[in-house]
Amino acid sequence: MGTELLGYQATLCDRAELSGIAVHSGEQVSIRLLPASPNTGVQFRRIYEDGTVASISAVAGHVGATDLCTMLGDPSGVHVATVEHLMAAFWATGLDNVIVEIDGDEVPVMDGSSQVFIEAIDEAGIVHHAVKRRYVRVKKTVRVEIGGSWAEFRPHQGTRFEVVIDFDSPLIGRQEFKADVNGDVFREELADARTFGFMKDVGRLWASGHALGSSLENSVVISDEHTVINPEGLRYSDEFVRHKTLDAIGDLALAGAQFIGCYASYRGGHRLNAAALKALLTDRTAYEIVETPEERQRVFSGDFVTVAAAQAQAHAPWML
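Residues numbered from 1 in each chain as written. Predicted model: local features only at pLDDT ≥ 70, side-chain atom pairs only at ≥ 80, totals over all residues. Heavy atoms only, no water.

Trainee: Help me get a handle on a nonpolar patch on the surface, residues and values and all.
Mentor: Among the surface-exposed residues, Met199, Leu216 and Ile229 lie close enough to one another that they form a single nonpolar patch of about 230 Å² accessible area. The partly exposed category is assigned to Leu216, whose relative accessible area is 34%. (Patch = residues over 30% accessible without salt bridge, like charges linked within 9 Å, V, L, I, M, F, W, Y side chains within 5 Å. Areas by Shrake-Rupley, 256 points an atom, 1.4 Å probe, with all protein chains shown as cover. Salt bridge = Lys/Arg side-chain N within 4 Å of Asp/Glu carboxyl O. Buried < 20%, exposed > 50% of the residue type's maximum accessible area, 1.4 Å probe, protein only.)

Below you can see the structure in the form of structure tokens.
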């Protein structure tokens with residue numbers, strides 16, 4: 001039978017508005033989350049001061065950079081950076097179709113987690129379309145390695161994450177998060193895990209134009225003595241690996257559909273997540289597109305049926 005999953009696509013009942021600091025540029029940015037029609041997916045609309053609007057679909061084929069965050073678009077042109085925490089919130093709340101209007105080049109970091117985005121989505125409400133949701137079901141193991149890091153997708157009856165980190169810091173060291181993850185698990189165990197960084201890296205990051213908006217309000221900061229500088233401390237003893245798992249969920253949401261399978265990584269990050277997703281989606285023998293066999297909202301992962309190839313290609317953001 002497997003894990004219970006959603007059978008229909010969903011969007012917002014009403015708009016949601018948020019504003020905050022962009023963690024890398026340091027600029028004040030506002031976003032509006034708007035309802036969208038079935039099969040729209042997640043669309044970012046970059047709105048410029050002169051009224052010009054540029055659209056970018058939140059799919060893996062549009063990933064332009066993975067340095068310290070995930071960026072969609074052209075780093076030297078139209079782009080939207082740091083999309084991973086918002087994409088993870090869409091994944092956790094089951095939103096398939098959303099328009100994101102944004103007046104800056106980077107999604108605001110809020111408190112460094114996905115929690116504020118989830119609260120805004122909950123307040124706006126969610127409505128389900130009478131249109132079947134499709135999933136990417138992993139059929140065989142696909143693995144990538146970068147230096148001493150690796151990641152792989154494996155077949156699994158459900159959606160599972162096995163994330164292992166290993167930092168040369170006694171505060172972090174080796175941490176693991178391994179669980180079948182759905183919206184409830186994400187909310188309870190991952191949503192409020194914050195991004196983190198080391199004081200020793202601040203000068204280098206500032207010099208490269210990164211972390212200009214980082215503060216104790218939106219990041220866990222680790223001192224040169226390997227202590228947490230934030231006066232409130234950690235939200236979890238293993239908050240670091242929980243945030244890395246949150247990041248992975250947001251990065252993999254760029255498939256354009258949720259996946260049925262297990263994603264495992266060791267010493268991963270945005271670059272590795274993007275490489276693993278690309279490796280999966282460029283191997284047409286490694287996955288299949290599936291949907292519910294009948295009209296019902298909740299379906300067990302083992303009950304999904306394969307969508308005919310011609311039908312799957314009609315709306316196929318997962319194909320690179």
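Trainee: Summarise the layout of surface pockets; cite the residues concerned and give the values.
Mentor: Approximately 1,400 Å³ is the volume found for the largest pocket. Lining the largest pocket are 46 residues, and of these Leu68, Phe167, Phe196, Gly197 and Lys244 lie nearest its centre. When contributions to the lining of the largest pocket are tallied by element, the ones reaching two or more residues are helix H1 (84-93), strand S15 (159-166), strand S17 (196-198), helix H4 (202-207), strand S18 (220-222), helix H5 (239-252) and helix H6 (270-281). Per-element accounting of the lining of the largest pocket gives the leading share, four residues, to H4. Looking at side-chain class alone, the lining of the largest pocket contains 19 nonpolar, 16 polar and 11 charged residues. (1 Å grid on protein atoms, 1.4 Å probe; cavity = no way out; pocket = protein on both sides within 12 Å on 5 of 7 lines; lining within 4 Å. Points joined across faces, edges and corners; volume = space filled by probe spheres on them. Helix = DSSP H or I, 4+ residues; strand = E, 2+ residues; numbered from the N terminus. Nonpolar A, V, L, I, M, F, W, Y, C, P; charged D, E, K, R; others polar.)

Trainee: Before we move on, could you go through the packing of aromatic side chains and cite the residues and values that matter?
Mentor: Here the distance between the centres and the angle between the planes together describe a pair of aromatic rings. Per the counting criterion, the structure on display carries 10 aromatic pairs. Ring centres 4.9 Å apart and planes at 65° place the aromatic pair Tyr135 and Phe304 in the edge-to-face group. In this pair, Tyr135 sits in strand S12 (residues 134-138) while Phe304 sits in the loop between strand S21 (298-300) and strand S22 (305-306), placing the two residues 169 residues apart along the sequence. Relative to Phe259, the ring of Phe161 has its centre 5.6 Å away and its plane inclined at 70°; by these criteria the two rings are edge-to-face. Linking Phe161 in strand S15 with Phe259 in strand S19 (residues 259-266), this pair joins segments that are 98 residues apart in sequence. We classify Phe259 as buried; its relative accessible area is 5%. An aromatic cluster is defined as three or more aromatic residues linked by ring pairs; in this entry it consists of Trp91, Phe153, Phe161, Phe186, Phe259 and Tyr263. Here the guanidinium or amino end of Arg143 rests over the ring plane of Trp150, the centre of that ring lying 4.3 Å away. The cationic tip of Arg242 hangs over the ring face of Tyr236; the distance from NZ or CZ to the ring centre is 4.3 Å. (Phe/Tyr/Trp six-rings, centres within 6.5 Å; stacked < 30°, edge-to-face > 60°. Lys NZ or Arg CZ within 6 Å of the ring centre and 35° of its normal.)

Trainee: Outline the pairing of strand S4 (residues 28-35), supporting the account with residue identities and numerical values.
Mentor: Across six bridges, strand S3 (residues 16-21) lies against S4 in antiparallel orientation. Following the sheet pairing, Gly20 is matched in S4 by Val29. The antiparallel pairing of S3 with S4 creates a hairpin that spans six residues between the two strands, and Gly26 there sits at a positive phi of about 80°. (Pairing = 2+ DSSP bridges.)

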